[in-house]
Amino acid sequence: MSSPRRIYLDNAATSWPKPESVYQAVEHFQRTIGAPAGRGAYAEAIQVARQLDRTRQAALELVNGRRDDSVLFTPSCTAALNLAIHGLLRPGDHVVTTVVEHNSVLRPLRFAAEQRGVEVTLVDCDERGFVEPAAVRRALRPATRLVAVAHASNVTGCVQPVEAIGDILSAHPARFLIDAAQTLGHWPCDLAASRADFVAGAGHKGLLAPLGVGLLFARAEALRELTPLVQGGTGSHSESDRQPDDLPDRFESGNLDVPAIWGLSAGLEFLRQRGIADLAQQAAHLTVQLVEGLRAIPRVRVLGPSADEPRVGVVSFQIEGYDPQEVAAGLDAAHRIQLRAGLHCAGRMHERLGTLAAGGALRASFGPFNQPNDVDALLAAIAEFAAAESFP
Ligand SMILES: Cc1ncc(COP(=O)(O)O)c(C=O)c1O
């Protein structure tokens, strides 16, 4: 008996599959280039340096960046967020953030509060996950140095009104950090329109790169205020044991994950050709199909906004009486349908949604290669679970 097709619906964690061109790019780098960045005068090393420049440029175009904005490569979105948060904050600073945030924002801020004398205000969201810009305004103080907001929730998928928040901040000196882990590649993210100072993202999620690369987009004037968290070799100014001031070297010590960045370059080209608007629409159709299908199944509670509100292709839900982890394991074992269960590194958001005590929720998240028949298969399997008196 042949095993069922793998139906991967955990693209919010990392995207899979990648476009064929991404696999080819990584293989090409590994087999024929294999050189480090910024550390050689031979042909392949120069090729790497050029490819890195091209990739930064393509990434900057994706977010409508300016020529003098920087694109820093990091190992992950978590590392990019830590660089912005710890690089910026000083004792006595105040930070405004939200209950929607991932632990990649909340934990560095908790650390800064406990170890560095930083004060943090958490702004609430409504029951769908939306944050009210006026609530951000009310939380601001003269000492507010940073406002950090997730562009889209990795639990409910709701997209925050970052442009309206950016407008509010235009009259305040606080720096604005957007966690775009769930929007880059899925939803338009515009540095200029949002007036963001820093945008952190993951290469391996919506940008379709392999695991191992994150990005921090930074405005030139904001980047001048950042202290590098890692010091070391950059391949430049080697006569000095002082960290160089040049960009991006100041923030990119140590060898970069060039194979992943090579793949990122191909992922960005794939997105340029497909168009973010087109992909967002495809995800929106799948989201409507899934949300409406789940709502029609008795004992299923769908979290978050309605399907026609601003949201990315992330849908969380619970089945009354079932532990999400058990359902996820059962879905994989019986149907090869792969969802993420639990708290999604966002305990405060689950607390807000009232799902903490039940162990969180099940989450399905789409990538560019998901099709309506994936949703059909998931709905059929969930209906089977929900109808069973006990675990099937
Ligand atoms: C909203 C959000 N921020 C940050 C991260 C961390 O991303 P990474 O896995 O690249 O560190 C995630 C990962 O799921 C996320 O969903």
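Treat the numbers as computed from the prediction; the structure is a model and nothing was measured. (Residues numbered from 1 in each chain as written. Predicted model: local features only at pLDDT ≥ 70, side-chain atom pairs only at ≥ 80, totals over all residues. Heavy atoms only, no water.)

**Structural notes on the overall build of the protein chain**
Phase 1 of the analysis: On a plain count of helices and strands, the protein chain comes out with 13 helices and 13 strands.
Phase 2 of the analysis: In terms of overall dimensions, the protein chain is globule-like: its C-alpha atoms have a radius of gyration of 21 Å, near the 21 Å expected for 392 residues.
Phase 3 of the analysis: Over its C-alpha atoms, taken along the principal directions, the protein chain stretches across nearly 70 × 55 × 35 Å.
Phase 4 of the analysis: By the burial criterion, 56% of the 392 residues in the protein chain qualify as buried.
Phase 5 of the analysis: The long-range fraction of contacts in the protein chain, counting pairs at least 24 apart against all pairs at least 6 apart in sequence, stands at 70%. (Helix = DSSP H or I, 4+ residues; strand = E, 2+ residues; numbered from the N terminus. Rg over C-alpha atoms; globule rule 2.2 N^0.38 Å. Buried < 20%, exposed > 50% of the residue type's maximum accessible area, 1.4 Å probe, protein only. Contact = heavy atoms within 4.5 Å.)

**What about the packing of helix α2 (residues 43-62) against helix α9 (residues 258-274)?**
Phase 1 of the analysis: Here α2 crosses α9 at 45°, and the two axes come no closer than 9 Å. As summarised for this structure, α2 and α9 are arranged oblique, according to the angle between their axes. In the packing of α2 onto α9, the handedness of the crossing is left-handed. Listed contacts from α9 to Q47, V48, Q51, L52, T55, A58, A59 and L62 of α2 are V258, I261, W262, L264, S265 and L268.
Phase 2 of the analysis: Residue classes in the contact of α2 with α9 are distributed as 10 nonpolar, 4 polar and no charged. (Axes fitted to C-alpha atoms, helices over the stretch in contact; angles between N-to-C directions. Parallel < 35°, antiparallel > 145°, perpendicular 65-115°, else oblique. Left-handed = near helix turned anticlockwise from the far one by under 90°. Nonpolar A, V, L, I, M, F, W, Y, C, P; charged D, E, K, R; others polar.)

**Some details on the environment of Q57**
Phase 1 of the analysis: Looking at the secondary structure, you find Q57 in helix α2.
Phase 2 of the analysis: Sequence separation between Q57 and V71 is 14 residues, and the spatial gap between their C-alpha atoms is 8.2 Å.

**Quick word on the sheet that holds strand β2 (residues 70-74)**
Strand pairing in a sheet is mediated by backbone hydrogen bonds. Such pairs are either parallel or antiparallel.
Phase 1 of the analysis: Spatially, the 7 strands line up as an open sheet ordered β2-β8-β7-β6-β5-β3-β4, and their pairing is mixed. Whereas interior strands pair on both sides, the edge strands pair on one side only; in this sheet they are β2 and β4 (119-123). When strand polarity is set aside, the average angle formed by the axes of neighbouring strands in this sheet is 20°.
Phase 2 of the analysis: Alignment of strand β3 (residues 94-98) against strand β5 (residues 144-150), held across 3 bridges, turns out to be parallel. Its bridge partner being in β5, V95 is matched across the sheet by L146. (Pairing = 2+ DSSP bridges.)

**Brief notes about the pattern of salt bridges**
Phase 1 of the analysis: For the structure on display, the rule yields 22 salt bridges.
Phase 2 of the analysis: We note a salt bridge from E309 to R128, for which the minimum N-O separation is 2.1 Å. Here R128 lies in the loop between β4 and α5 (133-139) and E309 lies in the loop between β9 (300-302) and β10 (314-319), a separation of 181 residues in the sequence.
Phase 3 of the analysis: Using a relative accessible area of 28% as the deciding quantity, one classes R128 as partly exposed.
Phase 4 of the analysis: Ionic contacts of the salt-bridge type, sharing partners, join the residues D93, R145, R175, D197 and E225 into one network. (Salt bridge = Lys/Arg side-chain N within 4 Å of Asp/Glu carboxyl O.)

**Some remarks on empty space enclosed by the protein**
Phase 1 of the analysis: This structure, assessed with the given rule, holds 3 cavities of 30 Å³ or more.
Phase 2 of the analysis: Considering only enclosed or pocket space, the largest cavity measures out at about 110 Å³ in volume.
Phase 3 of the analysis: G185, H186, G206, L208, L271, L279, Q282, A283, L286, F366, G367 and P368 together form the lining of the largest cavity.
Phase 4 of the analysis: A per-element tally of the lining of the largest cavity places helix α10 (residues 276-295) first, with 4 residues.
Phase 5 of the analysis: Along the lines of polarity and charge, the residues of the lining of the largest cavity split into 7 nonpolar, 5 polar and no charged. (1 Å grid on protein atoms, 1.4 Å probe; cavity = no way out; pocket = protein on both sides within 12 Å on 5 of 7 lines; lining within 4 Å. Points joined across faces, edges and corners; volume = space filled by probe spheres on them.)

**Topic: helix α1 (residues 20-33)**
Phase 1 of the analysis: Compared with the 20 Å implied by 1.5 Å per residue over 14 residues, the 19 Å span of α1 between its first and last C-alpha is a close match.
Phase 2 of the analysis: Of the surrounding elements, those touching the buried residues of α1 are α2 and α9.
Phase 3 of the analysis: Positive phi appears at G34, one or two residues downstream of α1, with a value of about 60°. (Expected span 1.5 Å × (residues − 1).)

**A closer look at the domain arrangement of the protein chain**
Phase 1 of the analysis: By domain assignment, the protein chain separates into domain 1 (7-17 + 275-387) and domain 2 (20-274).
Phase 2 of the analysis: The straight-line distance from the C-alpha centre of domain 1 to that of domain 2 is 27 Å.
Phase 3 of the analysis: Summing the contributions of domain 1 and of domain 2, the shared interface buries around 3100 Å²; its carbon and sulfur component is 57%.
Phase 4 of the analysis: Counting across the interface, domain 1 meets domain 2 through 3 salt bridges. (Domains from an automatic or database assignment. Buried area = accessible area lost by both parts, 1.4 Å probe.)

**A word on the pairing of strand β8 (residues 214-218)**
Phase 1 of the analysis: For β8, the tally of buried residues reaches 5 of 5 residues, placing the bulk of the element in the interior.
Phase 2 of the analysis: Bridging between β2 and β8 involves 5 bridges; their strand directions are antiparallel. In the sheet register, T74 faces β8, and the bridge partner there is G214.
Phase 3 of the analysis: In this sheet, β8 lies alongside strand β7 (residues 198-202) in antiparallel orientation, the contact comprising 5 bridges. Across the sheet, residue V199 finds its bridge partner in β8, namely F217.

**Re the sheet that holds strand β12 (residues 340-342)**
Phase 1 of the analysis: Overall, antiparallel pairing links the 4 strands, which are arranged β9-β10-β13-β12 in an open sheet. Of all strands in the sheet, those with a lone pairing partner are β9 and β12, marking the two edges. Taken over all neighbouring pairs, the strand axes of this sheet differ in orientation by 30° on average, direction set aside.
Phase 2 of the analysis: Of the pairings in the sheet, the one linking β9 to β10 comprises 3 bridges and is antiparallel in character. Bridge pairing in β10 places R301 opposite Q318.
Phase 3 of the analysis: Strands in contact with α10 are β9, β10 and β13 (361-365); relative to β10, the strand with the most contacts, it is inclined by about 10°.
Phase 4 of the analysis: Sheet strands in contact with helix α11 (residues 324-335) are β10, β12 and β13, and its direction is about 160° off that of β12.

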